[in-house]
Protein chains: 2
Amino acid sequence: MNKIDKLFRKEIEDIPPYISGKPIEEVQRALGLKRVIKLASNENPLGPSPKAVAAIKKNLKNINRYPDAAVWRLKAKIAKTINVNIDNIICGNGSDEVIILAMKAFVNKADGVIIAKPTFLIYQMAARAAEADIKLIPLTKDLKYDLKAMKKAITDKTRMIFIANPDNPAGTYVTKKELEEFLEDLPNDIIVYLDEAYFEFANHSFKDYPNGMDYLDKANLIVTRSFSKIYGLAGLRAGYGVTSKRIVSYLDKFREPFNVNLLAQAAACAALDDKEFVKKTLKTVEKGKRFLYDSFDRMGLKYVKTATNFMMVDVETDCAEIFERLIRRGVIVRDMKAWGFGNFIRVTVGTHEENAIFLDALKKVLTRKFQS
Amino acid sequence: MNKIDKLFRKEIEDIPPYISGKPIEEVQRALGLKRVIKLASNENPLGPSPKAVAAIKKNLKNINRYPDAAVWRLKAKIAKTINVNIDNIICGNGSDEVIILAMKAFVNKADGVIIAKPTFLIYQMAARAAEADIKLIPLTKDLKYDLKAMKKAITDKTRMIFIANPDNPAGTYVTKKELEEFLEDLPNDIIVYLDEAYFEFANHSFKDYPNGMDYLDKANLIVTRSFSKIYGLAGLRAGYGVTSKRIVSYLDKFREPFNVNLLAQAAACAALDDKEFVKKTLKTVEKGKRFLYDSFDRMGLKYVKTATNFMMVDVETDCAEIFERLIRRGVIVRDMKAWGFGNFIRVTVGTHEENAIFLDALKKVLTRKFQS
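Since the model is a prediction, treat every value here as computed from it, not as a measurement. (Residues numbered from 1 in each chain as written. Chains lettered and ligands numbered in written order. Predicted model: local features only at pLDDT ≥ 70, side-chain atom pairs only at ≥ 80, totals over all residues. Heavy atoms only, no water.)

Let's hear about the interface of chain A and chain B: which residues, and what values?
With 78 residues of chain A at the contact, the number on the chain B side is 78 residues. For the pairing of chain A and chain B, the buried interface totals around 7000 Å² over both sides, and the portion due to carbon and sulfur atoms is 59%. Where chain A packs against chain B, one counts 3 salt bridges. Of the charged contacts in the structure, one is a salt bridge between glutamate 354 of chain A and arginine 65 of chain B, with a shortest N-O distance of 4.0 Å. Put simply, chain A and chain B have 26 residue pairs in polar contact (both at pLDDT 80 or more) between them. Listed by contribution, the elements that provide at least two residues to the side of chain A that touches chain B are helix H1 (4–7), helix H2 (24–31), helix H3 (50–59), helix H4 (72–82), helix H5 (96–106), helix H6 (121–129), helix H10 (245–254) and helix H11 (262–271) of chain A. Broken down by element, the side of chain A that touches chain B gets its largest block of residues, 6 residues, from H5 of chain A. Grouping the amino acids of the side of chain A that touches chain B by side-chain chemistry returns 37 nonpolar, 15 polar and 26 charged. (Contact = heavy atoms within 4.5 Å. Buried area = accessible area lost by both parts, 1.4 Å probe. Salt bridge = Lys/Arg side-chain N within 4 Å of Asp/Glu carboxyl O. Polar contact = N/O pair within 3.5 Å; in protein donor to acceptor, adjacent residues only side chain to side chain. Helix = DSSP H or I, 4+ residues; strand = E, 2+ residues; numbered from the N terminus. Nonpolar A, V, L, I, M, F, W, Y, C, P; charged D, E, K, R; others polar.)

The structure is reproduced here in structure tokens:
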């Protein structure tokens, strides 16, 4: 049996595993805690869209049936909502899947891929699985995408460039002007992957935040959005990409026919109509952001201003230790070590109650640190 | 923008799209029919497992949370149910996803892959996407896997061999003796992919049907099973593979972290406990099979005896025409043209009422054919 190790594609061996936020249940079980709050995965603190939940209940009797392989109803609904043609849409088992499909369709071994450093980890994992030649371009000092440097890094071999706007984990965003300058005279044999998983939050707060859909004809652009965040459907896995009809047809070649499950399709459709839930979520996040900013200011902690529902905070000490201390108090956040920020945690904006619990716990664990 | 076509991986251009069963809603809409029955996708006619539905309801409030990336509870439950170690299990967004993961992990461009002809279409699609060198080995005259010919086709380049047991669409199965002879002295640098999506049906009916789990140490075996069929959860997308710990670790490198959605994990866990539903499904299918066999015999139609919940029927005329005529009467089956059987349809065993409606419609459309 030992020969099998030789079969495994060598180049892939050292792909690091994705690190996900610890599930609430697991922490409860492991630490024997009753109350655990999770501010680790940028989930919607208000729960799922009620309209989505109602749609799921209505469809429960049908889950013995395969999902619609064409994702027809959901694509039609998205098309109408964001005013694009249905042929320009591809749906994924989360928008993460669209990253993988794009990589499979366009990137061969040794092709060039440009990625910011640090940014959303899946880009690099997907590029490594494709055995691409990866160029990592550091964020600027204020943790923004350095689009000028990314453009300069383009060579004849470059096939794909990833832009998370806003960025995760930094929470910063690329402005209209910056994006337009970047797209201007870009070589037309490059795919620009514009990840707008947190679009609604940024769009709500910043006038100079660009809407990727306005630039579809300016480049070989794939713009992706998610039902995991503003619509509160992370558990169901639904996201979509918008691009040219031709690129959709290429991505579709690699899509597994039943990639988006039946309940996700029904729930996402209904969620798009749930204007009230979106409004309530935006209000909660906006209020929560201000509360956290003010509290960090009072505590004398530095943080990165965010265009999303999460933010990075400088805890001025080993973040893995702070992460551990917080978890023992029933608060799950993300330590930023894997992203190269040894003193930062990333915290999702929760409900007011959750934010208060987090701040209370943070004060206690930082004080203890200062005392020891 | 036109240069993008050159970027697209040429080798992939001619992968044919997967053909899925037509959704009930679509046929209702297109033909203005009220009553439409679907016997096209080998789904469970009794609906989903009631225990699974109850588990989904319980988890609806949590779907704003990401699924457990480790799929811990479901894997633990599977491990206990089929008596393997948790480290030997990988879960997928349907067992189809395990096919893709195996292909990515072990098959490089130009590596050899051996597939029966015809069989489940996804094997060939996945192998073509991997740019493998595919050898197609025809089924025997009685539409069984020809394992002897498949073994003979092995060369130094062969990396993977697919065996659907029972087969889809033929419905036939490979016996214990045949499988054992095939695995005997197989080169140890080949992955044998044993697809047991219809395991429970075959295991219930035939004593000489082999349980793949009994052969895990006899080869580099990946055995997959599904929650889509016997448990009635096709819409949710959940399946799993069982193999060596080492192979699991390789497959895991390519798995997207949240591939199995939260409701699928909860529902599949609960379904494994739903012995009553499994029993009822097996009884319904067994009774339905006999009813269909008897009716075809009386009608003088030939069919392939099946180890599954579906069967191929020789309609002695162009199957695409029969398919169209049946659909106009509100009965969706599958025409077998894409599999190379121009005169066959494949029909899923439904409830007694559905089977009767199908037979009634079939008699009418065949009579009309004979009259014209």
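Any chance you could break down the relation of the copies chain A and chain B for me, citing the residues and the numbers?
The two copies are related by a screw operation: chain A maps onto chain B through 180 degrees of rotation and 0.0 Å of translation along the axis, at an RMSD of 0.0 Å. On this basis, the relationship between the two copies can be described by a two-fold rotation axis. Relative to the rotation axis, the C-alpha of lysine 57 of chain A is the closest in chain A, positioned 3.8 Å from it. (Least-squares fit on C-alpha atoms with pLDDT ≥ 70 in both.)

I'd love a proper account of helix H10 (residues 245–254) of chain B, names of residues and values included.
Since the α-helix turns once every 3.6 residues, residues separated by three or four places project in the same direction. Turning to H10 of chain B, its buried residues number three or more, namely Ile247, Val248, Tyr250, Leu251 and Phe254 of chain B. All buried residues of H10 of chain B project into a common sector of 160 degrees when viewed along the axis, lining one side. (Buried < 20%, exposed > 50% of the residue type's maximum accessible area, 1.4 Å probe, protein only. Arc of directions from axis to C-beta.)

Describe the pairing of strand S8 (residues 239–242) of chain A, and please don't skip the residues or the numbers.
All names here are of chain A. With burial as the criterion, each face of S8 is covered, one bearing Gly239 and Gly241 and the other bearing Tyr240 and Val242. Bridging between strand S2 (residues 89–92) and S8 involves 4 bridges; their strand directions are antiparallel. By the bridge assignment for S8, glycine 92 is matched with glycine 239. As paired strands, strand S7 (residues 220–226) and S8 are joined by 4 bridges and run antiparallel to one another. Note that in S8 the partner of valine 223 across the bridge is valine 242. (Pairing = 2+ DSSP bridges.)

Before we move on, can you summarise the sheet that holds strand S6 (residues 191–195) of chain A with the specific residues and values?
Paired through their backbone hydrogen bonds, the strands of a sheet run either parallel or antiparallel. All names here are of chain A. An order of S2-S8-S7-S6-S5-S3-S4 is seen for the 7 strands of this open sheet, with the pairing classed as mixed. Both edges of this open sheet fall to S2 and strand S4 (133–138), since each of them pairs with a single strand only. Averaged over all adjacent pairs, the angle separating strand axes in this sheet is 20 degrees, with direction ignored. (Axes fitted to C-alpha atoms, helices over the stretch in contact; angles between N-to-C directions.)

Tell me about the sheet that holds strand S8 (residues 239–242) of chain B, and name the residues and values.
All names here are of chain B. If you trace the 7 strands from one edge of the open sheet to the other, you get S2-S8-S7-S6-S5-S3-S4, paired in mixed fashion. Every interior strand has two partners, whereas the edge strands, strand S2 (89–92) and strand S4 (133–138), have only one. Taken over all neighbouring pairs, the strand axes of this sheet differ in orientation by 20 degrees on average, direction set aside. Across 5 bridges, the pairing between strand S5 (residues 158–164) and strand S6 (residues 191–195) is parallel. Across the sheet, alanine 164 pairs through a bridge with aspartate 195, a residue of S6. Seen against the sheet, H10 touches S2, S6 and strand S7 (220–226) and runs at an angle of roughly 30 degrees to S2.

So, the domain arrangement of chain A: which residues are in play, and what are the values?
All names here are of chain A. Partitioning chain A into structural domains gives domain 1 (3–47 + 275–370) and domain 2 (50–271). Distance from the C-alpha centre of domain 1 to the C-alpha centre of domain 2: 23 Å. Taken together, the contact pairs 31 residues of domain 1 with 32 residues of domain 2. For the pair domain 1 and domain 2, the two sides together bury roughly 2800 Å², of which 66% comes from carbon and sulfur. The interface formed by domain 1 and domain 2 contains 0 salt bridges. Our enumeration of links across domain 1 and domain 2 arrives at 9 residue pairs in polar contact (both at pLDDT 80 or more). The greatest single-element share of the side of domain 1 that touches domain 2, amounting to 7 residues, is contributed by helix H12 (residues 275–299). Of the residues belonging to the side of domain 1 that touches domain 2, the class tally is 15 nonpolar, 8 polar and 8 charged. (Domains from an automatic or database assignment.)

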